[in-house]
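Residue-level listing of the chains:
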Amino acid sequence: MLDFPRNPSGKETDIVEQMETMKITALLLKLSWPALAFVSCSLCASGHPLDTWHLRHSASGDLNGVTFGGGLFVAVGSNGTVLTSVTGETWTSQDSGTNATLYDVTYGNGTFVAVGDSGLILASPDGTDWAAQPSGVLSRLLSVTHEKGVFVTAGESGALLASADGHAWASRSPGAPFSPWFIANGNGLFLLESVPGINLLSTDGTHWFSRPSGSDTGLYTVGFGRGLFVSIDIRNDVFLSSDGSNWVAGGEVTLHRPSRIAYGSGHFLTGGGGSLEYSPNGTRWTVSPTGDYSITREVAFGDGTFVAVGSGQTIQQSDPVVWLQTPEAGRLDIWGPRGVVCSIESRDAMVTGTGWMTLTNLTIMSTPHQWTDPQRLEHASRLYRVGLTQ
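## A closer look at the overall build of the protein
- Regarding its fold elements, the protein presents 0 helices and 38 strands.
- Per-residue burial over the protein gives 57% buried out of 390 residues.
- Taking the contacts inside the protein whose residues are at least 6 apart along the sequence as the reference set, 49% of them involve residues at least 24 apart.
- Surface summary for the protein: the accessible area is close to 15,200 Å², and the carbon and sulfur share equals 50%.

The following block contains the structure:
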């Protein structure tokens, strides 16, 4: 029941067809009730947009973390490297004020926070001006995230810190050992891996409690999206949970040492050594045939596109991805890169042999961009698809 949402009558959403046409890969649903539709579109080639990746940057050293916030991508890495980009295509080097290695970066409360060697914490309001913040620890800080107005960072030797603003930090004790390599967050929860088979959860970054991880072995990573935590264990098996406590088996990935998991436009994405893999639901995973020229350390989603960073300071960017949600029949919420032009087409689901008809061309100006079919009352059931124009 995790594959597709349900309509108000309790029936599973009716998948009408899956088709690939020029520059469009679409999962098309009957839209006579509120439903969730995932539609992916590519500007550059037919097929799935996460099958097409573009090398945007490379240099000596490594990039270890990337995030998107405040309309900006920020990537961090070795020798104090900080790179920023509005679109993911062109990247600008920023002065971080340090030569120390930075391992992760996040965004929240209007602030970027990066963490690194010897307890280093940097904060920035805009990704350009960075200032060191006192952490009170000397351990390497390896991961950082933000949830419900709280920043949490984890490091070696049991270092765990929390902050409300990214500037003033206080030490926290979860009462159990934990791995510092990732902190997942979603649904008002923080999640750390403790020992194999056990995770630690917290609603505030201060008070932690143990829950089973769903796997009987260690985890490579955990991410969150579409209301689900998604974990990958060291056997590459995938597990899914809506609450971080009760897990069900999903599919499996094939890549070597999966990195962080990002979610956006109806897709989960992870990388590692040798490939990038994506999934609409955490269960069915597809290997991208062109993604990954290096070891991917982290992935992020922003403004309708995914970015992957890794060794050799490589930055790869996917083709744009568009996602449709239909909160009610004939009304579309469209997620995609701002400023691009979309063509919305439809055909009657109840009449065989009818072709696709262009209803309108529109420019995505917000997330989501809302559009209502003026002819919706004239049709018992319609199919919709969307394509990004050149």
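## Quick look at the nonpolar core
- The biggest cluster of nonpolar side chains holds 13 residues, and the ones touching the most others in it are I334, I344 and L362.
- By residue number, the principal contributor to this core is strand β38 (residues 382–388), which donates 3 residues.
- When sequence neighbours within four positions are dropped, the list of residues in contact with I344 reads L332, I334, M357, T358, L359, T360, L362, W371, Y384, R385 and V386.

## Overview of the side chain of T111
- Tracing the backbone through its elements, the reader meets T111 in strand β11 (residues 111–116).
- The buried category is assigned to T111, whose relative accessible area is 9%.
- Excluding residues that lie within four positions of it along the chain, T111 makes contacts with T106, A123, S124, F151 and D165.

## Points about the sheet that holds strand β8 (residues 82–85)
- Pairing is antiparallel in the open sheet, where 4 strands are placed in the order β6-β7-β8-β9. Only two strands of the sheet have a single partner each, and these edge strands are β6 (63–69) and β9 (92–94). Between one strand axis and the next, the sheet turns by 25° as a mean value, whatever way the strands run.
- Here 3 bridges tie β8 to β9, and the two strands are oriented antiparallel to one another. Looking at β9, one finds that T84 is bridged to T92.

## Some details on the pattern of salt bridges
- Across all of its chains, the model carries 11 salt bridges by this definition.
- R140 is the partner of E156 in a salt bridge, and the nearest nitrogen-oxygen pair spans 2.5 Å. In this pair, E156 sits in the loop between β15 (150–155) and β16 (160–163) while R140 sits in the loop between β13 (131–133) and β14 (141–147), placing the two residues 16 residues apart along the sequence.
- A residue is classified by how much of its surface remains accessible, and E156, at 29% relative accessible area, is partly exposed.
- Judged by relative accessible area, R140 falls into the partly exposed class, the value being 26%.
- One network of salt bridges, in which partners are shared, links D216, D233, R235 and D237.

## Here we look at the pairing of strand β7 (residues 72–77)
- Burial of β7 is extensive: 6 of the 6 residues sit out of reach of the surface.
- Where burial is concerned, the two faces of β7 agree: the one with L72, V74 and V76 and the one with F73, A75 and G77 are both buried.
- Both β6 and β7 contribute to a ladder of 6 bridges, which runs antiparallel. The residue of β7 that forms the bridge with V66 is A75.
- Taking the residues between adjacent antiparallel strands as the criterion, β6 and β7 are bridged by 2 residues, where G70 takes a positive phi near 60°.
- What sits between the antiparallel neighbours β7 and β8 is a turn of 4 residues, in which N79 has the positive phi angle 55°.

## Observations concerning the environment of L201
- Topologically, L201 is positioned in strand β20 (residues 198–202).
- Relative accessible area serves as the criterion here: at 0%, L201 is assigned to the buried category.

## Brief notes about the sheet that holds strand β10 (residues 102–108)
- The strand order across the open sheet built from 4 strands is β10-β11-β12-β13, with neighbouring strands paired in antiparallel fashion. Two strands in the sheet have a free side with no partner beyond their single neighbour: β10 and β13. Neighbouring strand axes in the sheet, compared pairwise and without regard to direction, differ in orientation by 30° on average.
- Looking at chain direction, β10 and β11 are connected through 6 bridges and run antiparallel. Looking across to β11, one finds that V105 is bridged to A114.

## Considerations on the packing of aromatic side chains
- Under the defined criterion, the tally for this structure stands at 7 aromatic pairs.
- Here F151 and W169 contribute two aromatic rings whose centre-to-centre distance is 6.3 Å and whose plane-to-plane angle is 50°, an arrangement assigned as tilted. Of the two residues, F151 sits in strand β15 while W169 sits in the loop between β16 and β17 (170–171), which places them 18 residues apart along the sequence. Both residues of the pair, F151 and W169, belong to the buried class.
- One aromatic cluster is present, built from ring pairs that chain together F68, F73 and W91.

Calculation criteria
Residues numbered from 1 in each chain as written. Predicted model: local features only at pLDDT ≥ 70, side-chain atom pairs only at ≥ 80, totals over all residues. Heavy atoms only, no water. Helix = DSSP H or I, 4+ residues; strand = E, 2+ residues; numbered from the N terminus. Buried < 20%, exposed > 50% of the residue type's maximum accessible area, 1.4 Å probe, protein only. Contact = heavy atoms within 4.5 Å. Areas by Shrake-Rupley, 256 points an atom, 1.4 Å probe, with all protein chains shown as cover. Core = buried A, V, L, I, M, F, W, Y, C linked by side-chain atoms within 4.5 Å. Pairing = 2+ DSSP bridges. Axes fitted to C-alpha atoms, helices over the stretch in contact; angles between N-to-C directions. Salt bridge = Lys/Arg side-chain N within 4 Å of Asp/Glu carboxyl O. Phe/Tyr/Trp six-rings, centres within 6.5 Å; stacked < 30°, edge-to-face > 60°.

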